[in-house]
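# Tertiary structure, described
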Amino acid sequence: MLPDICKDIEPNFLLCDSALEHIVTHFRRELQAGLEQRGEDVAMIPSFVPGVPDGSEQGTFLALDLGGTNLRVCEVRLLGNHKFEMKQQKYKVSDELKEGEATVLLDYIADSVDAFLTEIGSDVAPEKGEPLLLGFTFSFPVEQTAIDSGTLLTWTKGFNAKNAIGNDVVKLLNDAFERKHIHVRCSALVNDTVGTLLSRSYQHGPALIGAIFGTGTNGAYIDKTSTIKKLGEKHICELEECGEHAGEYMVINTEWGAFDNKRQCLPVSIFDAKLDRMSINPRKQAFEKMVSGMYLGEITRNILLHLIDSNVLFGGYSTDVLNEHYGFDTSFVSAVEGAKTDEDVITAITDILKVKRKYVEPRDVELVRWATKLVAHRAAFLAATAIAAVVQLTEKHRRAEDKETIDVGVDGSVAQYLPGFETNVRVALRKLLGEAGEKRITIGLAKDGSGVGAALTALQAKKAIERSKKAAAK
Ligand code: BGC
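Residues numbered from 1 in each chain as written. Predicted model: local features only at pLDDT ≥ 70, side-chain atom pairs only at ≥ 80, totals over all residues. Heavy atoms only, no water.

### Notes on the overall build of the protein
Scanning the protein from N- to C-terminus turns up 17 helices and 13 strands. Relative to a compact globule of 474 residues, whose C-alpha radius of gyration would be 23 Å, the protein shows 23 Å and is just as compact. With the principal axes as the frame, the protein shows a C-alpha extent of 80 × 50 × 40 Å. When the accessible surface of the protein is split by element, carbon and sulfur atoms take 50% of a total near 19,800 Å². Here the protein holds 56 positive side-chain charges and 67 negative ones, and the gap between their average locations is 1 Å. (Helix = DSSP H or I, 4+ residues; strand = E, 2+ residues; numbered from the N terminus. Rg over C-alpha atoms; globule rule 2.2 N^0.38 Å. Areas by Shrake-Rupley, 256 points an atom, 1.4 Å probe, with all protein chains shown as cover. Lys, Arg positive; Asp, Glu negative; His and termini not counted. Charge placed at Lys NZ, Arg CZ, Asp CG, Glu CD.)

Below is the structure:
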């Protein structure tokens with residue numbers, strides 16, 4: 001039997017059918033608002049990527065990936081038969097870099113590219129005198145104005161570098177390459193969700209949605225360019241009919257992590273409120289703070305501390321790990337959710353939380369399981385509301401290839417390592433879309449979405465450059 005205190009906590013975590021539906025209705029409204037005008041919480045950013053690949057694409061590209069746990073530099077070889085090869089190197093981004101001057105961060109990124117080229121080497125041979133072109137997966141909200149430019153709207157996920165917001169990210173990076181005399185130039189900028197959508201489509205066939213459930217969360221989808229009303233009719237016509245990246249369709253980066261920043265429908269518990277208040281971006285990324293890997297450990301920590309302080313857990317004894325802000329991460333939630341036996345849970349409690357074995361009673365095991373389950377289930381159910389909202393939003397104008405089945409490519413540590421995540425997403429999708437609706441949806445891992453997606457975008461940018469060179473020569 002769980003103590004009474006649990007009953008007070010549960011309502012903000014166990015989402016009933018009507019609560020889920022209410023959230024999806026709000027979600028659709030915010031997605032629509034973002035398409036209609038700029039400055040909305042859910043930014044709905046046009047990516048200027050006009051379609052998804054068919055798997056035949058070939059070429060070797062350098063790619064950079066910033067926005068997850070590490071900085072990655074990779075070289076991706078697209079083999080053209082839905083397959084690719086990749087060599088990569090990870091570089092740590094310290095908290096000082098995340099929160100210091102942006103130029104210092106970008107110099108570090110440029111140096112990492114240089115180190116990759118020196119230590120690992122590249123097979124790309126640019127034309128004589130031409131720089132090496134690079135695709136940049138930059139996983140933050142950026143208002144794109146073209147495939148190779150866009151201004152940073154805000155930082156998320158623990159980044160807060162100074163003098164970057166409002167600046168063109170591609171320019172900041174290219175300036176750093178110039179400062180360092182590195183003969184590399186960024187030619188394509190892409191969000192990781194857009195990359196995931198492209199990568200999933202390249203490997204598996206046309207997908208409708210690319211979603212990240214990792215350190216942060218976000219989704220991109222493909223829809224008619226004409227739905228992005230805020231671009232204005234003239235611009236939409238130009239994009240549909242001519243221009244370098246013309247097309248009837250466009251990939252749209254939703255930035256759904258900022259859904260319900262106004263807290264109109266999300267189930268904000270005292271644990272969520274505390275997490276938000278003490279974060280470096282209070283009142284921002286409300287949805288992300290309930291769904292993504294950066295925060296699930298911290299919500300759990302807040303719940304466990306509340307139980308300890310109420311003298312119902314671990315005999316009322318805490319530990320340094322439990323007392324420390326972000327003292328443990330989502331891998332604890334994954335360990336408990338994946339535990340086959342109570343002994344496995346006890347191991348996670350003693351190894352990760354550093355609680356002495358003598359303070360762990362069978363009832364504590366039950367309480368810890370209860371707490372991680374609440375947090376993990378709610379994250380998956382909310383993730384489903386985002387997917388359902390996009391599916392409903394695109395209902396009327398989906399491409400022929402998305403009519404029978406709707407494919408969702410996913411990537412990120414929560415999707416990959418949190419046991420039961422997809423199963424729970426499906427449970428909620430069934431509630432929201434009905435059994436037939438849920439069955440139409442396929443969900444698959446889009447491995448290395450960021451690297452492959454950046455390479456595929458760099459390929460599109462290269463083709464566009466070649467086209468405009470040819471046109472100029474005529
Ligand atoms: C960012 C998105 C990104 C997502 C997943 C969020 O915090 O705002 O741009 O796609 O994290 O990495």
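### Looking at the side chain of aspartate 65
Residue position: aspartate 65 is located in strand E2 (residues 58-66). Taking the relative accessible area as the measure of exposure, aspartate 65 reaches 9% and is therefore buried. Residue contacts for aspartate 65: discarding those within four places in its chain leaves Asn70, Leu71, Arg72, Thr137, Ser139 and Ser450. (Buried < 20%, exposed > 50% of the residue type's maximum accessible area, 1.4 Å probe, protein only. Contact = heavy atoms within 4.5 Å.)

### Quick word on the packing of helix H10 (residues 293-309) against helix H12 (residues 330-337)
For the pair H10 and H12, interaxial distance at closest approach is 7 Å and the crossing angle is 75°. Taken as axis vectors, H10 and H12 run roughly perpendicular relative to one another. Of H12, the residues touching H10 (which contributes Gly293, Leu296, Gly297, Thr300 and Leu304) are Thr330, Phe332 and Val333. Tallied by class, residues from the contact of H10 with H12 come to four nonpolar, four polar and no charged. (Axes fitted to C-alpha atoms, helices over the stretch in contact; angles between N-to-C directions. Parallel < 35°, antiparallel > 145°, perpendicular 65-115°, else oblique. Nonpolar A, V, L, I, M, F, W, Y, C, P; charged D, E, K, R; others polar.)

### Things to note about the side chain of arginine 426
Considering the arrangement of structural elements, one finds arginine 426 in helix H16 (residues 421-439). With residues near it in sequence (within four places) discarded, arginine 426 still touches Glu438, Ile441, Thr442 and Ile443.

### Some points on the pattern of salt bridges
According to the stated counting rule, one finds 25 salt bridges in the structure shown. Between aspartate 65 and arginine 72 there is a salt bridge, with its nearest N and O atoms 3.0 Å apart. The exposure class of arginine 72 is buried, given its relative accessible area of 9%. With a closest N to O distance of 2.9 Å, arginine 430 and glutamate 438 form a salt bridge. Under the relative-accessibility criterion, arginine 430 is labelled partly exposed at 38%. Salt bridges here are not isolated pairs; linked through shared partners, they connect Glu75, Arg77, Glu85, Lys87 and Asp123. (Salt bridge = Lys/Arg side-chain N within 4 Å of Asp/Glu carboxyl O.)

### Here we look at the site of the ligand
Looking at the ligand, there are 15 residues lining it, with Thr156, Asn191, Asp192, Glu255 and Glu288 nearest. Here lysine 157 contributes a side-chain N or O atom positioned 2.8 Å from an oxygen atom of the ligand. In this structure, asparagine 191 approaches the ligand through a side-chain N or O atom, which is 2.8 Å from an oxygen atom. Listing elements by their share of the shell around the ligand, those giving two or more residues are helix H6 (192-204) and strand E10 (217-224). Here the shell around the ligand is built from residues that sort into three nonpolar, eight polar and four charged. (Near = heavy atom within 4 Å. Polar contact = N/O pair within 3.5 Å; in protein donor to acceptor, adjacent residues only side chain to side chain.)

### Remarks on the nonpolar core
One broad trend across soluble globular proteins is that nonpolar side chains are buried collectively. The biggest cluster of nonpolar side chains holds 118 residues, and the ones touching the most others in it are Phe213, Ile303 and Leu304. The element that contributes the greatest number of residues to this core is helix H14 (residues 362-393), accounting for 21 residues. Those residues in contact with leucine 304 that lie beyond four places of it in its chain are Leu313, Leu322, Phe328, Phe332, Leu353, Val368 and Ala371. (Core = buried A, V, L, I, M, F, W, Y, C linked by side-chain atoms within 4.5 Å.)

### Details of the sheet that holds strand E3 (residues 70-79)
One open sheet accounts for five strands, arranged E4-E3-E2-E5-E8; its pairing is mixed. Looking along the sheet, the strands with just one partner apiece sit at the ends: strand E4 (84-92) and strand E8 (184-190). Put simply, the sheet's adjacent strands are angled 25° from each other on average, direction ignored. Across eight bridges, the pairing between E2 and E3 is antiparallel. (Pairing = 2+ DSSP bridges.)

### Focus on the UniProt feature "domain: Hexokinase N-terminal" (unreviewed entry) in the protein
Listed under "domain: Hexokinase N-terminal" (unreviewed entry) in the UniProt record, and renumbered for this structure, are residues 7-202. In the segment residues 7-202, helix accounts for 35% and strand for 27%; the C-alpha atoms at its two ends are 47 Å apart. (UniProt positions renumbered as here; feature names shortened; annotations may be inferred.)

### Some remarks on the packing of aromatic side chains
To describe a pair of aromatic rings, one takes the distance between the centres and the angle between the planes. Summed over the entire model, instances satisfying the criterion amount to 13 aromatic pairs. On the basis of an interplanar angle of 55° and a centroid distance of 5.3 Å, the ring pair of phenylalanine 213 and phenylalanine 421 is categorised as tilted. Pair noted here: phenylalanine 213 is in strand E9 (residues 209-213) and phenylalanine 421 is in helix H16, with a separation of 208 residues, a long-range link. Take phenylalanine 213: its relative accessible area is 2%, and that puts it in the buried class. Looking at phenylalanine 421, the relative accessible area reads 5%, which means it is buried. (Phe/Tyr/Trp six-rings, centres within 6.5 Å; stacked < 30°, edge-to-face > 60°.)

### Quick word on the sheet that holds strand E13 (residues 441-445)
Taken together, the six strands give an open sheet; going across it, the order is E1-E11-E10-E9-E12-E13, and neighbouring strands pair in mixed fashion. Every other strand in the sheet has two partners, leaving strand E1 (45-46) and E13 as the edge strands with one partner each. Two strands pair when backbone bridges link them, and strand E12 (residues 406-411) and E13 are joined in this way by five bridges, in the parallel orientation. Residue pairing in the sheet places glycine 409 in a bridge with glycine 444 of E13. The strands that H14 touches are E9, E10, E12 and E13; relative to E9, the one it contacts most, it runs at about 165°.

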